[in-house]
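A look at the structure
Below, each chain spelled out in residue letters.
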Amino acid sequence: MILPKKRDPRFITIRRGGLLEDGTHHALAIWAADCAQHVLHFFDEYRPDDDRPRSAIALVRAWTRGEATMKECHNAAFASNAAGRDAPPAARFAALSAGQAVAVAHVAAHELGAAAYAIRAAREAALSGQGDAAARAERQWQWDQLPDGIRDLVLDDQKLRNALCWNVFVD
């Protein structure tokens, strides 16, 4: 489970009574897409003819530009998740990361899901005995990609939801 039972108003749009402005929502979506894109090769190596995760990432980027609907993104999340079904762990987690990234259009708090699954993909793809180091390196890469406008929000969210996200954000 990635989403908390009680939703954080910082991740609920102003239109729905929360505090999240469109620019911040878009920045979260782009960062989540970047996280998913960074590990997508694990899925592509396993199933190069299946473009559902790649399309999901492209779609959420299009959504941030006003070129895709929330409903399209919602449907793409299910498609990307399905693409990972029955795949080996690294490929499955990469597809799930893409599914979480595109779901940010619908629920901004999915941003951590994209990052957490990407970390899990990196861990699973690592050589034997190097999984923890690969996970830490992926997490650091993600932190390095955080724009200033969302850095504090995401890092705080990681601390708050670390346990829900398999403890991948805080050692």
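The structure reproduced in this document is the subject of the present report. (Residues numbered from 1 in each chain as written. Predicted model: local features only at pLDDT ≥ 70, side-chain atom pairs only at ≥ 80, totals over all residues. Heavy atoms only, no water.)

1. Regarding the overall build of the chain
Here is the rule we go by: In this text, helices come from DSSP runs of H or I with a minimum length of four residues, and strands from runs of E with a minimum of two, each type numbered from the N-terminal end. C-alpha atoms define the radius of gyration, and 2.2 Å times the number of residues to the power 0.38 defines the globule rule. Partly exposed describes any residue whose relative accessible area lies between the buried limit of under 20% and the exposed limit of over 50%, with all areas from a 1.4 Å probe on protein chains only and scaled to the type maximum. Between two residues, a contact is recorded if the distance between any of their heavy atoms is within 4.5 Å. Under the convention used here, a 1.4 Å probe and the Shrake-Rupley method define accessible areas, while residue burial counts only the protein chains that appear. For the charge count, each Lys or Arg is scored as positive and each Asp or Glu as negative, with His and the chain ends excluded. A single reference atom marks each charge: NZ on Lys, CZ on Arg, CG on Asp, CD on Glu.
Check the secondary structure of the chain and you find 7 helices and 0 strands. Tracing the chain from N to C terminus, the helices and strands come up as α-α-α-α-α-α-α. On C-alpha atoms alone, the chain measures out to a radius of gyration of 15 Å, which is about the 16 Å that the 2.2 N^0.38 rule sets for 171 residues. Dimensions of the chain along its principal axes, counting C-alpha atoms only, are 45 × 35 × 30 Å. Counting all 171 residues of the chain, 48% fall into the buried class. Long-range contacts, defined as pairs at least 24 residues apart, comprise 68% of the intrachain contacts of the chain with a sequence gap of at least 6. Roughly 8,400 Å² of accessible area belongs to the chain as shown, and the carbon and sulfur atoms make up 52% of that amount. If the 21 positive side-chain charges of the chain are averaged to one point and the 22 negative ones to another, these points end up 6 Å apart.

2. Here we look at the packing of helix α2 (residues 52–64) against helix α4 (residues 89–103)
The test is simple: The axes are straight lines fitted to the C-alpha atoms, using for helices just the contacting stretch, and the angles between their N-to-C directions are given from 0 to 180°. For classification, angles of less than 35 degrees are called roughly parallel, those exceeding 145 degrees roughly antiparallel, those between 65 and 115 degrees roughly perpendicular, and all remaining angles oblique. Crossing chirality is assigned from the near helix's rotation relative to the far helix, an anticlockwise turn below a right angle marking it left-handed and a clockwise turn marking it right-handed.
Following both chains from N to C, one finds α2 and α4 inclined at 25 degrees, their axes separated by 8 Å at the closest point. Overall, the two elements α2 and α4 adopt an arrangement that is roughly parallel. Considering how the two elements wind past one another, α2 and α4 form a crossing that is left-handed. Along the contact surface, α2 presents Pro53, Ala56, Ile57, Leu59 and Val60, while α4 presents Ala95, Ala98, Ala101 and Val102.

3. Description of helix α3 (residues 70–84)
Just so we agree on the cut-off: Multiplying 1.5 Å by the residue count of a helix minus one yields the expected span of that helix.
Across its 15 residues, α3 extends 22 Å between first and last C-alpha, which sits within 8% of the 21 Å expected from 1.5 Å per residue. Buried positions along α3 lie against α1 (22–46), α2 and α4. Two residues or fewer past α3, Asp86 is found with a positive phi of approximately 70 degrees.

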